[in-house]
Amino acid sequence: MSIDYEIVVGLEVHVELATRSKIFCGCSTQFGAEPNTQVCPVCLGLPGTLPVLNREVLNLAIRAALALNCELAEHTKFDRKNYFYLDSPKAYQISQFDMPLAKNGYLDITSPNGAVRRIGITRVHMEEDAGKLLHAGQGGQIGNATSSLADYNRTGVPLIEIVSEPDLRTPEEAYLYLTGLKEILEFSKISDCNMEEGSLRCDANISVRPLGQAALGTKAELKNMNSFKNVRAGVEYEAKRQIRLLNEGGRVVQETRAWDAEKGVTRSMRSKEEAHDYRYFPEPDLPMILLTADMVETVRETLPELPQAKRVRFQTQYGLNEYDAGVLTATSELAEYFEAAAMGTNPKAVCNWLTVELLGRLNVEGKTIAESPVKPGQLNALVKLIESGELSGKLGKQVFAEMAEKGEAPQVVVKRLGLAQISDVDSLKKIVMDVLAANPGPVAEYRGGKAATLGFLVGQIMKVSRGQANPQKVNQLLREELEP
Amino acid sequence: MEYSTLSAVDIRERVVRGELKAEDLCRAVLDRIRALNPQLKIFLAVDEAGSLAAAREVDRKRAAGEVLGPLAGVPITLKDNLCTKNFSTTCASKILDGWKPPYNATVVERLKAAGAVLMGKANMDEFAMGSSCENSAFHPTFNPWNPAYVVGGSSGGSAAAVAAGITPLALGSDTGGSIRQPAALCGVMGFKPTYGRVSRYGLMAFASSLDQIGPFAYSAEDAALLMSVISGHDERDSTSAEIDVPDYRAQLSGGLKGLKVGLPKEYYGEGLDPEVRAALETAKQVWRAAGAEFVEVSLPHTEYCLAAYYLVATAEASSNLARYDGVQYGLRGEGGHLLAMYGATRAQGFGPEVKRRIMLGTYALSAGYYDAYYKKALQVRTLIQRDFNAALKQCDLILTPTSPTPAFKLGERMDDPLTMYLSDIYTISVNLAGLPGLSVPCGFTSQGLPMGLQIIGPAFAEAKLLQAAHAYQAQTGWHKRRPVL
C-alpha cells in the first residue's frame, strides 16, 4: 500500500524596489536602457569605490516589512556574500546575513473555498541585484558559450528578499501566496512586481513527508520559474517526483534543481556538496543601521491601506458586493481610479461603468487603467449627468463611446452631439402634443381601454426627440393629456 | 634650483608672495626625480604633464590676483593605491599594470582644489601588504639614508620621496603601520589619523575597517597643513566621520608642559632593539624636561594584536581583492573557460605575499572556521579597543617605539614572513583600536639610520598629537637632518 504524503513548500522571493536610483550609487534603475549605460565606478565595483546606502531603499524595505506584519530589528547591518562570477563585478554581493532588517511576519491567503491560512514570513532583508549575462553560442549557457556579454545596468538595483516559512502545503497555496504578496507590494508601491522585467523572482524549497510526520523531509531548491503559473507547475511536478521516488524506495537528495518550463520537468543543477561557501562577513564599508521608533513610525504613516482592508472598506463604505470590491481592489491604480470617479455620486453606478464599459474596452485594447483615455473626473461627470437626469442611461453609452474615442469630457460630447435629455416641461409638452395630433388612431384606442398603446406613443415621442426626451416625464405628461 | 629643504609652508608663502614660480619649482622637482629615481626607485609613474599644468595654473591664478589654495604650488607625492583620474594607478601589482582609473580619490580632489602639484605615484608593497616595499611587483625602493637598507612599508615610496627631499609632502595609507613604520625607517614624520577622519573613497582597499590615508612630512607644521586639507566628512564614504576639522596648523602651540604621557609596559619588553630603546630613553628626557609627566599604563591584550590583525586584515583583503578577476580591467590570464581564466589571471597577477594573505583570509572566513578565527579576532579587537580606552583615561597621550628595529637590509626578511610581520608589532594595535598614531624622528643609530617614536592619542585628538610632535621637534633637530644624496 502506498503512504499519503504531505507537500511542504517555502518560498524565497526577490523583489526589485521601486526606487529611481540604485542601492549604493546614484545610477538610474530604469529598465530597458542600452547595456552598460546606467553604470558608474561604484556599481561597476572599480577599485577604491565605496557604497553609500540610498535612504529610500531603507524606507521601502521598512514599508515592506510593515506590510508583511514583521518585527523590525533595532540594529541591522549589511554583510558580504562572496562568490566569483561574471555578473558580480566586486566578486561579492552586499546582502544581509545574520541581522536582517525584519523577521517573524505573516501573510494571510484565502483559498477559493474561503478558508484563510496564515503563512509565516521568516525574514525580509535588503541586498543588491547582480548584472545580466548573455552567453553567445549554442545553448545560451556559460558552459558551452563562445563568449559572454555582461550588462551591469541591473548591478546594484535594490532588492528585498522575502523568505517564507515552510508553511505552504499545496502548489495552489504557493500560487495564492505569490498573488497575495504581489498585491501587497504593488499596493504599497514597494515594487512594480513586473515578472517579465525580472522585478519579482521566486525560488521554492520543496519537500514531502508522510502525512502526520512532524519532521521535515529532505528538500530540493527549485529555481528558474519565471511566472506564478510556473511556480505552481514546478512545485507540483517536483513534489510528485519526490513522492514517486519515495514510493519506489528511493531517497530524496538535497540539491538545487531547475524548472524546465518547455518540457514541464525539473532537472538537477548542483548537489549540496557542490554548494558555494559564501564566506559571509560584516560589510566594513557600511556602518550598522540603528532603526529608531521614529523612523519606523514615519514609514508606517506612509503605508497605504492594504488590499484586504480596502476590499472590506469598499463593501461597507460604497455598498458594493464582494465580487465588485475584489475587482476594484485588484490593483492600487484601479482602486484609486474608482475612488476618484465615485466622489460625490452613486458608487454602484460608477462601479458598473468602470467594470463593464471601461475595463472591457481597455482589455480589448490591451491597456492598463493608467493608460485609460477616460479620466476618473470624466467618468465621475458622466455618472453625475445620468444621475441628475440630464442624460439618459441609453445615450450615456453613446457619450461614453465618444469619450473613450476622443478623450473628451462628457459635457463636451453631449453639447457637440446635442444629446442632452429634454426634461423641460414646456418643450416636452410641445412634442407630446405634436405626437398625439399625428396619431389620432392610437389615441382613440388608448382611450378605448387598450392600455398597451401608451408604449407605442412613448416610442413615437422618443423617436421624434431622438431619444432625448426624459422618459419619466413623457409618461407623466402623456397620462395627464390622455386621462380625462 | 635648490629647494629640497624648503617646507611646504615656506613654499606656499613664497609662491603667494611671488618669490617662487610654481612652474620653476615643479621643473626642479622633475629634475630631482630624474636625478634620484634611477638609484632610489621611489616612483612608479611621474606625471610630468599633469604636474606642470597644475603648477602653471597656480602661477596664472597668482598673476590674475585670484585666491590661492592652502597648498598652492606645493609638490606632493601619492602612494600608488590612491586613484588618480586617467593616470596610472597600480597598487604596485602586475594585475593592475597600466590601469588608469576613470575617477579621482576624494583626497586627490581635495589636494587639487587646494592648489597642490601632484608629481606622481610612489612605490609600495603590492596592495599595501608588506613592511619593506620589497613586495612591489616592479622593484624595491632603496633607503635614501643608505641604499643597502629598506625604506619600510607599505608606503615606503611616499616616505622616501619626503626623506630624499623630492617633495616636502606625501600621502600614504596605513592599515597596520604602513605610514608610521616607513616614516620611522626613513627619518620623517608619518601620521595615521583616526579611522574615519580622512575619506577612503578612491583608496584601493586592503582591509576596509583598518585602512586610513595620512600624511608624510618632515615637520609637524607641514603635516598639520596637509591634514587640514585632506580631513573631513565625505558623502561618498559612509565610514567618514561627521566631525568638524580644526585648523591643525593654528593649533600647534601648546607644548608638552603638564601633559600626562602613558608608557605601556608591554611595548618596552623583549624584541626591542637596544639602540631604539636608548633613543626612546633620550626622547623621554626631552619630554620630561619640557614639562611632560610619565605614567606606566598597561595594554594587557597586546600579545594577541598580531594574531587578531592578521585574521581581520586578511579576511577583509580576501574579499576586497576578489574583484581582480580579469573580467573588467587589468591583467587577464588565458584560459579555456571562466574558472581557468580566473585562475590564470590571479596566479599571474598577484605576488606571493598577496596570495598568502588571500589564502589566510579565505580560510578564516570559511564555513566551520569563521567562529574560531574571524569572529574570535573581532572579539579580541573589542578587548584591544577597551585596553586603549582604559589606558587613555589615565593619560593624555601614549608614547611607544614606532618600530622595534631601525631599517633592515634588503632581502634580509624576505624568506621569513613572521619576522617581517613583527615590524608592525607596535603599530597594528592602533589600527585595531581605530585611534590616531604619529611617528616622529627621534634619533639615528650608530650606522646613521633614522629611528622614530610613536605618539598615540584618543580618537579625533589629531591636534593634540601634532602639538606634542611640534613641541618635541622644537627641542630636537632630528627632523632637520637630511640624507646626503
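Once a new chain begins, its residue numbering starts again from 1 and follows that chain's sequence as written. Chains and ligands are labelled sequentially in the order written, the chains with letters from A and the ligands with numbers from 1. Reporting in this predicted model follows two pLDDT cut-offs: at least 70 for local features of residues, and 80 or more for side-chain atom pairs to be given and counted; totals over whole chains, interfaces and linings ignore these cut-offs and use all residues.

## Considering the overall build of chain A
Next up, step 1: Secondary structure elements are taken from DSSP: a helix is a run of H or I of four residues or more, a strand is a run of E of two residues or more, and numbering for both begins at the N terminus. Secondary structure summary: chain A contains 15 helices and 16 strands in total.
Next up, step 2: Overall, the C-alpha framework of chain A stretches about 100 × 65 × 50 Å when taken along its three principal axes.
Next up, step 3: When contacts within chain A are restricted to residue pairs at least 6 apart in sequence, those whose partners lie at least 24 apart make up 68%. Contact between residues is assigned whenever the C-beta positions, reconstructed from backbone atoms, fall within 7 Å.

## Quick notes on the overall build of chain B
Next up, step 1: When helices and strands are counted, chain B shows 15 helices and 11 strands.
Next up, step 2: The C-alpha radius of gyration computed for chain B amounts to 21 Å, which stays within 12% of the reference 23 Å derived for 485 residues, consistent with globular compactness.
Next up, step 3: Seen through its C-alpha atoms, chain B measures out along the principal axes to roughly 65 × 55 × 45 Å.
Next up, step 4: When the 485 residues of chain B are sorted by exposure, 61% land in the buried category.
Next up, step 5: Residue pairs in contact within chain B that sit at least 24 positions apart in sequence constitute 76% of those at least 6 positions apart. Only C-alpha atoms enter the radius of gyration; for comparison, a globular chain is expected to reach 2.2 Å times N to the power 0.38, where N is the number of residues. The burial label depends on the number of other C-beta atoms within 10 Å of a residue's C-beta. Counts of 20 or more mean buried, 12 or fewer mean exposed, and intermediate counts mean partly exposed, with C-beta atoms placed from the backbone.

## Quick word on helix 12 (residues 425–438) of chain A
Residues and elements named next belong to chain A.
Next up, step 1: Expected span, for any helix, means 1.5 Å times one less than how many residues it has. Taking 1.5 Å of rise per residue, the 14 residues of helix 12 would be expected to cover 20 Å, and the 20 Å separating its terminal C-alpha atoms lies within 8% of that figure.
Next up, step 2: All buried positions along helix 12 are accounted for by Leu428, Val432 and Val435. Here the buried residues of helix 12 occupy an arc of 65° about the axis, which is enough to place them on one side. More than 90 degrees from the buried face of helix 12, the exposed residues found are Asp426, Lys430, Met433, Ala437 and Ala438. Taken from the helix axis, the directions to the C-beta atoms give the arc we talk about.

## A few points about the interface of chain A and chain B
Next up, step 1: Across the contact, 25 residues belong to chain A and 33 residues belong to chain B.
Next up, step 2: A per-class count over the side of chain A that touches chain B returns 17 nonpolar, three polar and five charged. Note on residue categories: nonpolar means Ala, Val, Leu, Ile, Met, Phe, Trp, Tyr, Cys or Pro, charged means Asp, Glu, Lys or Arg, and polar means any other residue, Gly included.

## Some remarks on unusual backbone geometry
Next up, step 1: Geometrically, the link from Gly153 of chain B to Ser154 of chain B is a cis peptide bond, its omega value of 10° lying close to zero.
Next up, step 2: Secondary-structure assignment places Ser154 of chain B in the loop between strand 3 (117–122) and helix 5 (156–163).
Next up, step 3: With a phi angle near 55°, Lys189 of chain A is a residue other than glycine that sits in the positive phi range.
Next up, step 4: Following the sequence through the fold, Lys189 of chain A ends up in the loop between helix 2 (171–187) and strand 11 (200–210).
Next up, step 5: Taking the C-beta count within 10 Å as the criterion, Lys189 of chain A has 15 such neighbours and is therefore assigned partly exposed.
Next up, step 6: In this structure, Ala92 of chain B takes a positive phi of about 55° despite not being glycine.
Next up, step 7: Within the secondary structure, Ala92 of chain B is located in the loop between strand 2 (75–79) and helix 4 (106–113).

## Topic: the sheet that holds strand 4 (residues 79–82) of chain A
All names here are of chain A.
Next up, step 1: What the three strands build is an open sheet, ordered 5-4-15; its pairing is antiparallel. Because the sheet does not close on itself, it has two edges, and the strands there are strand 5 (92–95) and strand 15 (281–282).
Next up, step 2: When DSSP finds two or more bridges between two strands, those strands count as paired. Judged from the four bridges that link them, strand 4 and strand 5 form a sheet pairing that is antiparallel. Residue pairing across strands places Asn82 opposite Tyr92, the latter belonging to strand 5.

## Here's the deal with the packing of helix 13 (residues 440–447) of chain A against helix 14 (residues 453–464) of chain A
Helix-helix packing: each pair is described by the crossing angle between the helix axes and the interaxial distance.
Residue and element names in this part refer to chain A.
Next up, step 1: Only C-alpha atoms enter the line fits that serve as axes; for helices the fit covers just the stretch in contact. Angles between N-to-C directions range over 0 to 180 degrees. Two numbers describe how helix 13 lies on helix 14: the axes approach to 9 Å, and their chain directions differ by 145°. Of the two elements, helix 13 crosses helix 14, and the hand of that crossing is left-handed. Judged by residue contacts, Pro442, Glu445 and Tyr446 of helix 13 engage Thr453, Leu454, Phe456 and Leu457 from helix 14.
Next up, step 2: Of the residues that constitute the contact of helix 13 with helix 14, the class distribution is five nonpolar, one polar and one charged. A clockwise turn of the near helix away from the far one marks a right-handed crossing, whereas an anticlockwise turn of less than a right angle marks a left-handed crossing.

## Digging into the pairing of strand 11 (residues 450–456) of chain B
All names here are of chain B.
Next up, step 1: In terms of residue burial, strand 11 counts as a mostly covered element, since seven of its seven residues are buried.
Next up, step 2: Neither face of strand 11 is left uncovered, since the one carrying Pro450, Gly452, Gln454 and Ile456 and the one carrying Met451, Leu453 and Ile455 both have all their residues buried.
Next up, step 3: Note: strand 9 (residues 397–401) against strand 11, four bridges, orientation antiparallel. Pairing of Leu399 across the sheet is with Ile455, part of strand 11.
Next up, step 4: Where strand 10 (residues 437–444) meets strand 11, seven bridges bridge the pair, whose relative direction is antiparallel. Counterpart to Leu438 in the pairing with strand 11 is Ile455.
Next up, step 5: Between strand 10 and strand 11, which pair antiparallel and follow one another directly, the connecting turn spans five residues, one of which, Gly448, has a positive phi of 85°.

## Quick word on helix 2 of chain A
Because the α-helix completes a turn every 3.6 residues, residues three or four places apart line up on one side.
Residue and element names in this part refer to chain A.
Next up, step 1: In this model, helix 2 (17 residues) spans 24 Å end to end at C-alpha, consistent with the 24 Å of a helix rising 1.5 Å per residue.
Next up, step 2: In terms of burial, helix 2 is a largely internal element, 12 of the 17 residues being buried.
Next up, step 3: By the burial criterion, the buried members of helix 2 are Pro171, Glu173, Ala174, Leu176, Tyr177, Leu178, Leu181, Lys182, Ile184, Leu185, Glu186 and Phe187.
Next up, step 4: Immediately beyond the C-terminal end of helix 2, within one or two residues, lies Lys189, with a positive phi of roughly 55°.

## Points about the environment of Asp87 of chain A
All names here are of chain A.
Next up, step 1: Within the secondary structure layout, Asp87 lies in the loop between strand 4 and strand 5.
Next up, step 2: Judged by local crowding, Asp87 falls into the partly exposed class, with 18 C-beta atoms found within 10 Å.
Next up, step 3: If near-sequence neighbours (up to four positions away) are discounted, Asp87 is found in contact with Ala130, Gly131, Lys132, Leu133 and Ala150.

## A look at the sheet that holds strand 3 of chain B
Residue and element names in this part refer to chain B.
Next up, step 1: A sheet is described by the order of its strands in space; here 11 strands give the open sequence 1-3-2-4-6-5-10-11-9-7-8, paired in mixed fashion. The open sheet terminates on both sides in strands that have one partner only, identified here as strand 1 (43–46) and strand 8 (293–297). If you compare each strand with its neighbour and ignore which way they point, the axes differ by 30° on average.
Next up, step 2: This element, helix 5, spans strand 1, strand 2, strand 3, strand 4 (169–174), strand 5 (189–192) and strand 6 (212–217) of the sheet and lies at about 155° to strand 4.

## Overview of the domain arrangement of chain A
Next up, step 1: Residue ranges for the domains originate in an automatic or database domain assignment. On domain assignment, one finds that chain A holds domain 1 (5–297), domain 2 (305–417) and domain 3 (425–482).
Next up, step 2: Centre-to-centre separation of domain 1 of chain A and domain 3 of chain A, based on C-alpha positions: 70 Å.

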